[in-house]
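If you want the building blocks of each chain, they are given just below.
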Amino acid sequence: MSIRKLSALLLALATLLIAASAEAVDYKAKLTLHIAASSTYDEAYELTVPGETAITTSGWNSLGNITAKYNGSNSGFDSSKKLVVMLSSTNTFTLKASGVSDTISYFVATSENDSAATTKFEFTADEINAKDTNDAFVGTSKPIGVSVENYSSKSAGDYEDEITYEVSVESAGVSLNSGNNVTVAFSIGSSSYTVSGTFNGTTFTDVTSDTGLTMTWDADNEMITVASASDSSDMYMVFLMNGLTYSYYKEGTTLSSISIGGSDVTSSFSTKK
């Protein structure tokens, strides 16, 4: 895993300006995200984040998009990798002003409907390798904004915070998404077994097996279970998506393959038993 901390290229300065006034007025705020350079490059990708943005109100403020696209000389971004962007803040996402005890909290989000902070953005290889109709790499853009608390009662001052974007290229791992077909093949001694089903987000449908098996999904444990179709307690194999391990319950079991969404992901799993 390679990590790049964008403390120079992608350093955001958030400044909130509140004018002092003895009268009851509508406070005007300006939150300026000034980024020295809007993009960072390496041989595989280009990441672009919003540049200078003026914000004049509390609540939701769109900053634009974070965009990742392929920028290399090969056919595309490595399909076994993903791009991870982590956001952090000098003041833990709090705006502070010199000589003022008041603080103004805010959080990064992806839409005005978000009630919780988003400090992690991920881009898959497919998203990074997206092309336009002319077959040029354009990548994928994801919305980003900030939600600022009501500051009408705060003291006058220049409130600021620094946001840092930390970018890393990591293993894509294995994900199970709605619509994915999952097929498991294994052997016990000289006997071969297969089972296949389509994941709909909550369970497996259209499960087929010519060897009397079924396949179920346990969302709480992020677990795929292969068991007897006539007795679900008679388990054959269990695959843990969180950790990418599998266990078997019959001596002499050998995993032949597991495919998810048409991709063979056998090598991504390690055995626990």
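Each remark here, short or long, concerns the structure printed above.
All chains use their own residue numbering, which begins from 1 and follows the written sequence. A pLDDT threshold of at least 70 governs which residues receive local features in this predicted model, and a stricter bar of 80 or more applies before side-chain atom pairs are shown or counted, although totals over entire chains, interfaces and linings include all residues. Computation of side-chain values: all heavy atoms of the structure, hydrogens and water removed.

Q: Describe the pairing of strand E13 (residues 204-208), listing the residues and the values that go with them.
A: Here, a strand pair is defined by DSSP locating no fewer than two bridges between the strands. Here a strand is any run of E in DSSP of at least two residues, a helix any run of H or I of at least four, and the numbering for each starts at the N terminus. Here three bridges tie strand E12 (residues 191-199) to E13, and the two strands are oriented antiparallel to one another. Residue pairing across strands places Phe-199 opposite Phe-204, the latter belonging to E13. Hairpin connection between E12 and E13: a loop of four residues separates the two successive antiparallel strands, and Gly-201 in this loop has a positive phi of roughly 105°.

Q: Outline the layout of surface pockets, listing residues and values.
A: Grid points spaced at 1 Å over the protein atoms alone were grouped into cavities, where a 1.4 Å probe fits but cannot get out, and pockets, open sets with protein on both sides within 12 Å along at least five of seven lines, with lining residues defined by an atom within 4 Å of a point. Grid points are joined across faces, edges and corners, and a volume is the space filled by probe spheres set on the points. Put simply, the largest pocket is a space of about 770 Å³. Lining the largest pocket are 24 residues, and of these Ser-79, Ala-172, Gly-173, Val-174 and Ser-175 sit closest to its centre. When residues of the lining of the largest pocket are traced back to their parent elements, those giving at least two are strand E5 (81-89), strand E8 (120-124), helix H1 (125-128) and strand E19 (263-264). No other element matches E8, which puts three residues into the lining of the largest pocket. Under the convention adopted here, Pro, Cys and the residues Ala, Val, Leu, Ile, Met, Phe, Trp and Tyr are nonpolar, Asp, Glu, Lys and Arg are charged, and Gly plus all remaining residues are polar. Looking at the lining of the largest pocket residue by residue, the class counts come to seven nonpolar, twelve polar and five charged.

Q: Residue-level account of the sheet that holds strand E18 (residues 253-260), with values.
A: Spatial strand order, E13-E12-E11-E18-E19: five strands in an open sheet with antiparallel pairing. With partners counted over all chains shown, the strands left at the sheet margins are E13 and E19, one partner each. Examined bridge by bridge, E18 and E19 share two bridges and lie antiparallel to one another. Within the sheet, the bridge partner assigned to Ile-260 lies in E19 and is Ser-263.

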